[in-house]
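Summary of structural features
Residue-level listing of the chains:
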Amino acid sequence: MPKVVNVTGKWEGSVTMADPLTLPQARLIEEALDTPKKNEDGTVWLSAMDEKRLPALFGCVTEWNLKGLEGVTLENFPASPRKASHKLVEYLFLELMKIYTGELETPNA
């Protein structure tokens, strides 16, 4: 049964995620778990993290119902304002991880 995730903040609304996941969807999530290359100072750009996670989200979200994000695709997903955009990706990916690992086994991410 699909999982509806409520979203607050700049792009308020909900998204519907596949549940259970298929093997190809699980592979997309696993590919997103690889840490992007770190900068010389040891940091990772938020954009690099989001770029790894967005294909998994688009492969697993079956319906986007977010204000201001009508017709959203991987190619037109907003990257600004940077903090709000990253917060949305991070939140949705953590919710996706709950499906992937099971609600009680979600790792600290």
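Described below are features of the structure shown in this document. Since the structure is predicted, the reported quantities are computational estimates derived from the model, not experimental observations. (Residues numbered from 1 in each chain as written. Predicted model: local features only at pLDDT ≥ 70, side-chain atom pairs only at ≥ 80, totals over all residues. Heavy atoms only, no water.)

1. A few points about the environment of Leu88
- Looking at the element boundaries, Leu88 is found in helix H3 (residues 82-101).
- On the basis of relative accessible area, Leu88 is assigned to the buried category, the value being 5%.
- In sequence terms Leu88 and Asp50 are 38 residues apart; their C-alpha atoms lie 9.6 Å from each other.
- Leu88 has contacts with Val7, Trp11, Leu66, Leu69 and Phe77, leaving out every residue within four places of it along the chain. (Helix = DSSP H or I, 4+ residues; strand = E, 2+ residues; numbered from the N terminus. Buried < 20%, exposed > 50% of the residue type's maximum accessible area, 1.4 Å probe, protein only. Contact = heavy atoms within 4.5 Å.)

2. With respect to the nonpolar core
- Residues Val15, Met17, Trp64, Leu66, Leu88, Leu92 and Leu96 are the most contacted members of the largest nonpolar core, which totals 24 residues.
- Of all the secondary structure elements, the ones that give two or more residues to this core are strand S1 (3-7), strand S2 (13-17), helix H1 (23-32), helix H2 (46-60), strand S3 (61-66) and H3.
- Of all the elements, H3 adds the most residues to this core, at seven residues.
- Among residues more than four places away in sequence, those in contact with Val15 are Lys3, Val4, Val5, Val61, Glu63, Trp64, Leu66 and Leu92. (Core = buried A, V, L, I, M, F, W, Y, C linked by side-chain atoms within 4.5 Å.)

3. Focus: the packing of aromatic side chains
- Scanning the model with the defined rule gives three aromatic pairs in all.
- Taking 6.1 Å as the distance between ring centres and 90° as the angle between the ring planes, the aromatic pair formed by Phe58 and Phe77 counts as edge-to-face. In this pair, Phe58 sits in helix H2 while Phe77 sits in the loop between S3 and H3, placing the two residues 19 residues apart along the sequence.
- These aromatic residues form a ring-pair network of at least three members: Phe58, Trp64 and Phe77. (Phe/Tyr/Trp six-rings, centres within 6.5 Å; stacked < 30°, edge-to-face > 60°.)

In short, shape yes, function no, at least from these values alone.
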